[in-house]
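# Notes for the structure review
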Amino acid sequence: QKEVEQDPGPLSVPEGAIVSLNCTYSNSAFQYFMWYRQYSRKGPELLMYTYSSGNKEDGRFTAQVDKSSKYISLFIRDSQPSDSATYLCAMSLKDGTSYGKLTFGQGTILTVHP
Amino acid sequence: SAVISQKPSRDICQRGTSLTIQCQVDSQVTMMFWYRQQPGQSLTLIATANQGSEATYESGFVIDKFPISRPNLTFSTLTVSNMSPEDSSIYLCSVETGLGSPLHFGNGTRLTVT
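Because the structure is predicted, anything quoted here is derived from the model rather than measured.

Definitions and cut-offs
- Residues numbered from 1 in each chain as written.
- Chains lettered and ligands numbered in written order.
- Predicted model: local features only at pLDDT ≥ 70, side-chain atom pairs only at ≥ 80, totals over all residues.
- Heavy atoms only, no water.
- Helix = DSSP H or I, 4+ residues; strand = E, 2+ residues; numbered from the N terminus.
- Rg over C-alpha atoms; globule rule 2.2 N^0.38 Å.
- Buried < 20%, exposed > 50% of the residue type's maximum accessible area, 1.4 Å probe, protein only.
- Contact = heavy atoms within 4.5 Å.
- Areas by Shrake-Rupley, 256 points an atom, 1.4 Å probe, with all protein chains shown as cover.
- Lys, Arg positive; Asp, Glu negative; His and termini not counted.
- Charge placed at Lys NZ, Arg CZ, Asp CG, Glu CD.
- Buried area = accessible area lost by both parts, 1.4 Å probe.
- Salt bridge = Lys/Arg side-chain N within 4 Å of Asp/Glu carboxyl O.
- Polar contact = N/O pair within 3.5 Å; in protein donor to acceptor, adjacent residues only side chain to side chain.
- Nonpolar A, V, L, I, M, F, W, Y, C, P; charged D, E, K, R; others polar.

This part takes up the overall build of chain B. Secondary structure summary: chain B contains zero helices and 11 strands in total. Overall, chain B shows an N-to-C arrangement of helices and strands of β-β-β-β-β-β-β-β-β-β-β. For a compact globule of 114 residues, the expected C-alpha radius of gyration is about 13 Å, and chain B comes in at 13 Å, within 12% of that figure. In terms of overall dimensions, chain B has C-alpha extents of about 40 × 25 × 20 Å along its principal axes. Across the 114 residues of chain B, 53% fall into the buried class. Within chain B, contacts between residues at least 6 apart in sequence are counted, and of these 54% link residues at least 24 apart. Carbon together with sulfur atoms contributes 48% to the accessible area of chain B, which is approximately 5,200 Å² in total. The positive charge centre, built from 7 side chains, and the negative charge centre, built from 8, are 8 Å apart in chain B.

Structure (structure tokens):
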């Protein structure tokens, strides 16, 4: 069993839809949770990060963490064609003062069609 | 966030040869990491590039195959040695700009080994 499970999709939605992307994990020691967006032939771009359970909002994006269920989500409101990309969840333990050793999900391919 | 430049952006190499990938950051960073993204798979951490000392490798990765240098706080190299077609991947440099800050990634080096 992988430490982080993410449905690879693909997911196709109409413009304006609310998108829900999810990951589950098995290691209860993970403390730091991130979502990255990756366009074709580009590196991952950090979207959201959080240390704690609950919701964190940034514009059209909301990251949700439920540590008791070992479940994280990313919601995209009013989705746009420019949101079409691969979305990667990632999480890490603390290693000294660093959270840089990330464990990634497989990534969900999202297409938002006009 | 830091601007991360990787060279080359892509290369096609013959089996048995070696390729050195460079990562340059526009500001001093605390931590630098090298990740691999194999076709259709998610990102996997290869090693932590330690400034002025030997890199720290993750399970399944060894120094003889992936020698890493980090001579200062803004630059690192990863060499893929004695390449085989199984080494065809995207290799990504990532940096942590401050203690406990989230990782930012370069655009990667797309390597094809024939």
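That covers the picture; the talk isn't over yet.
Taken together, the 20 residues of chain A in the interface contact 23 residues of chain B. With both sides pooled, the region where chain A packs onto chain B buries about 1,700 Å², and carbon together with sulfur makes up 52% of that total. The tally of links from chain A across to chain B stands at one salt bridge. Among the salt bridges present, the one from Glu-58 of chain B reaches Lys-101 of chain A, with a minimum N-O distance of 3.5 Å. Here chain A is connected to chain B by nine residue pairs in polar contact (both at pLDDT 80 or more). Broken down by secondary-structure element, the contributors of at least two residues to the side of chain A that touches chain B are strand S4 (32-38), strand S5 (45-50) and strand S10 (102-104) of chain A. The element contributing the most residues to the side of chain A that touches chain B is S4 of chain A, with three residues. Tallied by class, the residues present in the side of chain A that touches chain B amount to 10 nonpolar, seven polar and three charged.

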